[in-house]
Amino acid sequence: MKAVLLGVNIDHVATIRQLRVTPYPDLLTAAQMAVAAGADSITVHLREDRRHIQDQDVIILMQSLTVPLNLELAVTDSMLAFAEKVRPAYCCFVPEKREELTTEGGLDVVTNREKIRIACERAEQAGIRASLFIDAEAAQIEAAVAVGARTIEIHTGHYADTEKGPAQNNELIRIRQAVALGVAAGLQVNAGHGLNYNNVLAIAALEDIHELNIGHSIVAQAVLTGLTGAVQEMKRIIAGARQ
Ligand code: PXP
C-alpha cells in the first residue's frame, strides 16, 4: 500500500531565528536536512506580520529546493502578487488573523466563493497548484470544487485538540468522511495541523490522504533530539579555549 507523503513545515525554525533576528538557524539548511531525512515537500507560511518566514526565505527555498514548495498564504492581493512572482509548486490558501498563535480554523470557502475562486484562478494561471485549507465539512468541500481548487488540505486541528476517546473518534470519522468526499470529487486531499508523534497514526492510516503537513511537533522534537550534540559541541569549543 502507498504510504502517505510527508510535507515538513519549517516555520518554527524561522521563529527561533526571528526571536533575535540572527542569521541562524539557517532555514535552507533546515529544509535540506528535512529533505535528506525523507520529507516529500517543504511548507512555509508567509504570514502578513512576517513573524517567522520572510519573503527572502521563500525566494531562496524556491531557488534551491529539490522537492515541491508549498506556500501557505492568506487570500490577499499582495500575497497573491508575491506568489505569482515566486511560483511555488503549491499555494495553500489559509485564513489569517493577526493576533492568533497559529491558524485557528479552516478557510470559509462557502461565504467567500468569489474571492477564493479568483485566487485559485490567479494561482493556476501562474502555474501554481491551488490548495484550500478547510474544515472537514461537506459544504466546504463542495465549495472548494466549485471554485476550481485542485487540492484541499483538511484541518486536523480539532482532532488534535480533542482528548483521546469517543470525542476524538468522532473527529476522526468526520475527517475520514471528508477525505472520501474530496477524493470522490476528484480532489487531491492533504491533511494537517496539530499532528504530533502521539496522534498522527490514525490520520496517517486513512488511505486516501495524499500528504500530511506537519511542523511544530517535528521542530519541537528536533530540539530534544539535537540538544545532546549541541551542548557537546559548545563544551568542546569552550574547553579548548585555554589550552
Ligand atoms: N497546515 C496548515 C494549513 C497550517 O497553517 C499549518 C501551520 O502553519 C500546518 C499545516 C502545520 O501545523 P503544525 O505546525 O501544527 O504541525
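Scroll up for the structure.
The following refers to the structure shown. If you're wondering where the values come from, they're calculated on a predicted model, not measured in any experiment. (Residues numbered from 1 in each chain as written. Predicted model: local features only at pLDDT ≥ 70, side-chain atom pairs only at ≥ 80, totals over all residues. Heavy atoms only, no water.)

## Considerations on the nonpolar core
For clarity, the threshold we go by: In this text, buried Ala, Val, Leu, Ile, Met, Phe, Trp, Tyr and Cys residues form a nonpolar core when linked through side-chain atoms within 4.5 Å. Exposure is judged per residue with a 1.4 Å probe applied to protein chains only, and the accessible area is read against the type maximum: over 50% gives exposed, under 20% gives buried, and values in between give partly exposed. Counting from the N terminus, the helices are the DSSP runs of H or I reaching at least four residues and the strands are the DSSP runs of E reaching at least two. Residue contacts are defined here by distance: any two heavy atoms, one from each residue, within 4.5 Å place the two residues in contact.
Core analysis: the biggest nonpolar cluster contains 64 residues, and Ile10, Ile42, Val58, Leu61, Phe93, Leu132 and Ile154 have the highest contact counts within it. For this core, the element with the highest residue contribution is helix α2 (residues 27–36), accounting for 6 residues. Apart from residues no more than four positions distant in its own chain, Ile10 is found in contact with Leu27, Ala31, Ile42, Thr43, Val44, Ile53 and Leu61.

## Quick word on the layout of surface pockets
Selection rule: A cavity, in this analysis, means grid points on a 1 Å lattice covering only the protein atoms where a 1.4 Å probe fits yet has no way out; a pocket is instead an open set bounded by protein on both sides within 12 Å along at least five of seven lines, and a residue lines either one if it has an atom within 4 Å of a point. Grid points are joined across faces, edges and corners, and a volume is the space filled by probe spheres set on the points.
Counted as a void, the largest pocket has a volume near 700 Å³. It is helix α10 (residues 216–239) that provides the largest number of residues to the lining of the largest pocket, a total of 7 residues.

## Things to note about the site of the ligand
What counts here: Near, as used in this document, describes a residue that has one of its heavy atoms within 4 Å of the molecule or strand being considered. Throughout this description, a polar contact denotes any pair of N or O atoms lying within 3.5 Å of each other; where both atoms belong to protein, one of them has to be capable of donating a hydrogen while the other can accept it, and for residues adjacent in sequence the pair is counted only when both atoms sit in side chains. Computed with a 1.4 Å probe, the accessible areas rest on the Shrake-Rupley method; for each residue, only the protein chains presented here act as cover. The residue classification treats Ala, Val, Leu, Ile, Met, Phe, Trp, Tyr, Cys and Pro as nonpolar and Asp, Glu, Lys and Arg as charged. All others, Gly included, are polar.
Taken together, 13 residues form the shell around the ligand, and within it Glu72, Glu153, Gly194, Gly215 and His216 come nearest. In the model, an oxygen atom of the ligand is placed 3.0 Å from a nitrogen or oxygen of the Glu72 side chain. Here an oxygen atom of the ligand sits 2.8 Å away from a polar atom, N or O, in the main chain of Gly194. Contact with the protein chains covers 94% of the free accessible surface of the ligand, which is 400 Å². Of the residues that constitute the shell around the ligand, the class distribution is 3 nonpolar, 7 polar and 3 charged.

## Details of the environment of His45
Assignment of secondary structure puts His45 in strand β2 (residues 41–45). Each C-alpha atom of the pair His45 and Thr225 lies 25 Å from the other, and the pair is 180 residues apart in sequence.

## A look at the pairing of strand β6 (residues 151–155)
Rule in force here: Two strands qualify as a pair provided that DSSP identifies no fewer than 2 bridges between them. Whether a crossover is right-handed comes down to one check: with the strands pointing away from the viewer, does the path from the first strand over the helix to the second run clockwise; if it does, it is right-handed.
The buried count for β6 comes to 5 of 5 residues, which makes it a mostly enclosed element. Neither face of β6 is exposed, since Thr151, Glu153 and His155 on one face and Ile152 and Ile154 on the opposite face are all buried. Sheet topology places strand β5 (residues 129–134) next to β6; 4 bridges connect them, and they run parallel. Its bridge partner lying in β6, Ile134 is registered against Ile154. Handedness of the crossover joining β5 and β6 through helix α6 (residues 138–146): right-handed. Across 5 bridges, β6 lies against strand β7 (residues 188–192) in parallel orientation. Bridge pairing links His155 to Gly192 in β7.

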